[in-house]
Amino acid sequence: MSITRRLFLRNTAAAGAVGAAVTTPAVAEPELTPYEKAIWHMRELERLALEDGASEACVMVVGFLYPSPSKRTKMLMIGRNGDLSDEDGMFGEARS
């Protein structure tokens, strides 16, 4: 189970509030871009497959029928070795 900054701060504040009321300011999590959200979800799927007993996992997202005539499909992939491949610029951020 992963711990977020918000959960860490809440638990820390609760532990330190013995006999006293503690008010912690709300910590704003930075907003993730669509690209970062996609990677996070893909990494979670990869982790679940490995926890299920797979020795390797590959997670792909393929988008079809983009309006551009030169790119009808785009793919974002986490390969069997865990490397990220995004040569098509899915979600507006091309990285290889």
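Residues numbered from 1 in each chain as written. Predicted model: local features only at pLDDT ≥ 70, side-chain atom pairs only at ≥ 80, totals over all residues. Heavy atoms only, no water.

*Asks:* Honestly, the overall build of the protein in this entry has me stumped. Any pointers?
*Replies:* Summing up its helical and strand segments, the protein has two helices and three strands in all. Counted from the first residue to the last, the protein has its helices and strands arranged as α-α-β-β-β. In the protein, buried positions account for 19% of the 96 residues. Within the protein, counting contacts between residues at least 6 apart in sequence, those at least 24 apart form 30% of the total. Summing over all exposed atoms, the protein offers an accessible surface of approximately 7300 Å²; the carbon and sulfur share of this is 58%. (Helix = DSSP H or I, 4+ residues; strand = E, 2+ residues; numbered from the N terminus. Buried < 20%, exposed > 50% of the residue type's maximum accessible area, 1.4 Å probe, protein only. Contact = heavy atoms within 4.5 Å. Areas by Shrake-Rupley, 256 points an atom, 1.4 Å probe, with all protein chains shown as cover.)

*Asks:* Quick question: what am I supposed to make of a nonpolar patch on the surface here?
*Replies:* A cluster of nonpolar side chains, contributed by Met 60, Val 62, Phe 64 and Leu 65, occupies part of the molecular surface with about 430 Å² of accessible area. In this fold, Leu 65 is placed in the loop between β1 (59-64) and β2 (73-78). (Patch = residues over 30% accessible without salt bridge, like charges linked within 9 Å, V, L, I, M, F, W, Y side chains within 5 Å. Salt bridge = Lys/Arg side-chain N within 4 Å of Asp/Glu carboxyl O.)

*Asks:* It is not clear to me how the sheet that holds β2 should be interpreted in this structure. Could you clarify?
*Replies:* Whenever strands of a sheet pair, they do so through backbone hydrogen bonds, lying parallel or antiparallel. On the basis of which strands lie adjacent, the open sheet formed by three strands has the order β1-β2-β3 and antiparallel pairing. Strands at the two margins of the open sheet, each flanked by one partner only, are β1 and β3 (84-85). Strand direction decides the pairing type here: β1 and β2, joined by six bridges, are antiparallel. Note that in β2 the partner of Val 62 across the bridge is Met 75. Strands in contact with helix α2 (residues 34-51) are β1, β2 and β3; relative to β2, the strand with the most contacts, it is inclined by about 50°. (Pairing = 2+ DSSP bridges. Axes fitted to C-alpha atoms, helices over the stretch in contact; angles between N-to-C directions.)

*Asks:* I keep staring at the side chain of Asp 86 and nothing clicks. Help me out?
*Replies:* For Asp 86, the location among the structural elements is in the segment after β3. When its relative accessible area of 0% is taken as the criterion, Asp 86 is described as buried.

*Asks:* In this structure, what is going on with the nonpolar core? I would like to understand it.
*Replies:* A general feature of soluble globular proteins is that nonpolar side chains tend to end up buried together. In terms of nonpolar packing, the biggest core is built from eight residues, these being Tyr 35, Ala 38, Ile 39, Met 42, Val 59, Leu 76, Ile 78 and Met 90. Apart from the residues lying within four places of it in its own chain, the contact partners of Ala 38 are Leu 76 and Phe 91. (Core = buried A, V, L, I, M, F, W, Y, C linked by side-chain atoms within 4.5 Å.)

*Asks:* Hey, could you run me through the pattern of salt bridges in this one?
*Replies:* Close approach of charged atoms allows side chains of opposite charge to pair. Tallying each qualifying case throughout the model produces five salt bridges. Linking Glu 51 and Arg 47 is a salt bridge whose minimum nitrogen-to-oxygen distance equals 2.7 Å. Residue Glu 51 and its partner Arg 47 are both found in helix α2; the two are separated by four residues, about one turn of the helix. Accessibility expressed as a relative area gives 57% for Glu 51, which makes it exposed. Overall, Arg 47 belongs to the partly exposed group, its relative accessible area being 34%. In this structure, Glu 56 engages Arg 80 in a salt bridge whose closest nitrogen and oxygen atoms are separated by 2.7 Å. Of this pair, Glu 56 sits in the loop between α2 and β1 while Arg 80 sits in the loop between β2 and β3, and the two are 24 residues apart along the sequence. On the basis of relative accessible area, Glu 56 is assigned to the partly exposed category, the value being 41%. With relative accessibility at 58%, the residue Arg 80 sits in the exposed group. One salt-bridge network, held together by shared partners, links Glu 44, Arg 47 and Glu 51.

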